[in-house]
Amino acid sequence: VTSDDRSELCHEIFGNIESRTSSRIVVTHGTDTMIETAMYIKNMIKAEDYDNPPHLVIAFTGATKPERFVDSDASFNVGCAVAATACCEPGSVLICMNGNVIPVEQCVRDEESGLFRRKVINK
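Residues numbered from 1 in each chain as written. Predicted model: local features only at pLDDT ≥ 70, side-chain atom pairs only at ≥ 80, totals over all residues. Heavy atoms only, no water.

## What to know about a nonpolar patch on the surface
How we decide: Patch members must show over 30% relative accessible area and no salt bridge, and they are joined within 9 Å when carrying like charges or within 5 Å when they are nonpolar side chains of Val, Leu, Ile, Met, Phe, Trp or Tyr. To measure how exposed things are, a 1.4 Å probe is used in the Shrake-Rupley method; for residues, cover is taken only from the protein chains shown. The working definition used for a salt bridge is a side-chain nitrogen of Lys or Arg within 4 Å of a carboxyl oxygen of Asp or Glu. A run of DSSP states H or I qualifies as a helix once it reaches four residues; a run of E qualifies as a strand once it reaches two. Both are numbered from the N-terminal end. Relative accessibility under 20% of the residue-type maximum defines a buried residue, over 50% an exposed one, and the middle range a partly exposed one, all with a 1.4 Å probe and only protein chains included.
Taken together, the side chains of Val26, Val78 and Val82 present a nonpolar region at the surface, about 180 Å² in accessible area. Looking at where valine 82 falls in the secondary structure, it is placed in helix α3 (residues 74-87). A relative accessible area of 37% means that valine 82 is categorised as partly exposed.

## Focus: the pattern of salt bridges
Oppositely charged side chains can pair when the atoms bearing their charge come close. Under the defined criterion, the tally for this structure stands at three salt bridges. For lysine 65, the salt bridge is made with aspartate 71, and the minimal N-O distance between the two is 2.7 Å. Between arginine 117 and aspartate 110 there is a salt bridge, with its nearest N and O atoms 3.7 Å apart. Exposure remark for aspartate 110: the relative accessible area of 23% places this residue in the partly exposed category.

## A short note on unusual backbone geometry
The phi dihedral of asparagine 98 falls on the positive side, at around 55°, and the residue is not glycine. When you line up the elements, asparagine 98 lands in the loop between β3 (93-97) and β4 (100-103). With relative accessibility at 26%, the residue asparagine 98 sits in the partly exposed group.

## Comments concerning helix α2 (residues 34-47)
Note the following rule: Each helix should span, by expectation, one fewer than its residue count multiplied by 1.5 Å. We call two residues contacting when some pair of their heavy atoms lies within 4.5 Å.
Between the first and last C-alpha of α2 there are 20 Å, a value that for 14 residues agrees with the 20 Å anticipated at 1.5 Å per step. Listing the buried residues of α2 in full gives Met34, Ile35, Thr37, Ala38, Ile41, Lys42, Met44 and Ile45. On its buried face, α2 is in contact with α1 (3-14), β2 (57-61), β3, β5 (107-109) and β6 (116-118).

## Description of the side chain of lysine 42
Here is the rule we go by: Under this rule, positive means Lys or Arg and negative means Asp or Glu; His and the chain ends count for nothing.
For lysine 42, the position within the fold is in helix α2. Of the buried charged residues, lysine 42 lacks a salt bridge, with glutamate 105 as the closest side chain of opposite charge at 4.3 Å. With residues up to four places along the chain from it excluded, the contact list for lysine 42 reads Gly91, Ser92, Val93, Val104 and Glu105.

## Quick word on the sheet that holds β2
Going by this rule: Here, any two strands with at least 2 DSSP bridges between them count as paired. To define axes, lines are fitted to C-alpha atoms, for helices over the stretch in contact only, and angles between the resulting N-to-C directions are given on a 0 to 180 degree scale.
Within the open sheet, the four strands sit side by side as β1-β2-β3-β4. Their pairing is mixed. At either margin of the open sheet sits one strand with a lone partner, and together these are β1 (24-28) and β4. The sheet shows a mean angle of 25° between the axes of neighbouring strands, taken without regard to direction. Sheet contacts for α2: β2 and β3; angle to β3, the most-contacted strand, approximately 160°.

## So, the nonpolar core
Convention followed: Joining through side-chain atoms within 4.5 Å is the link that ties buried Ala, Val, Leu, Ile, Met, Phe, Trp, Tyr and Cys residues into a set, and such a set is a nonpolar core.
Counting residues in hydrophobic clusters, the biggest one holds 23 residues, and the most contacted among them are Ile13, Phe14, Ile41, Ile58, Phe60, Val93 and Ile95. Of all the secondary-structure elements, those providing two or more residues to this core are α1, β1, α2, β2 and β3. For this core, the leading source of residues is α2, giving six residues. Formed by seven residues, the second largest nonpolar core is a distinct cluster that contains Val57, Ala59, Ala84 and Leu94.

Geometric descriptors of this kind do not, in isolation, establish any biological role.
Here's what the structure looks like:
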């Protein structure tokens, strides 16, 4: 995924926001750069580059095994993402993987397992 791809995604999400009939958006994305793309979208919301998008709930999801495999987690993750858009605060940008719903700014990918998890914050 390139910066041009991310800009195009922003345009798709925010381009015709006044005519959008739903505030719930699910983005299916490859897992290698999903966090980076979701942070890009979150930063666009923070920068207010788009007219009044905070009412949106945007959930990113993917699969650790492609959907064509019998034991793929794709359908489960999409279902989790759809449910998360109904339950989370407007303005949220989320990563929905492996049964977890994580605000993107709190999400990391474990290098050993490849699973997505919440950052550990030491106080």
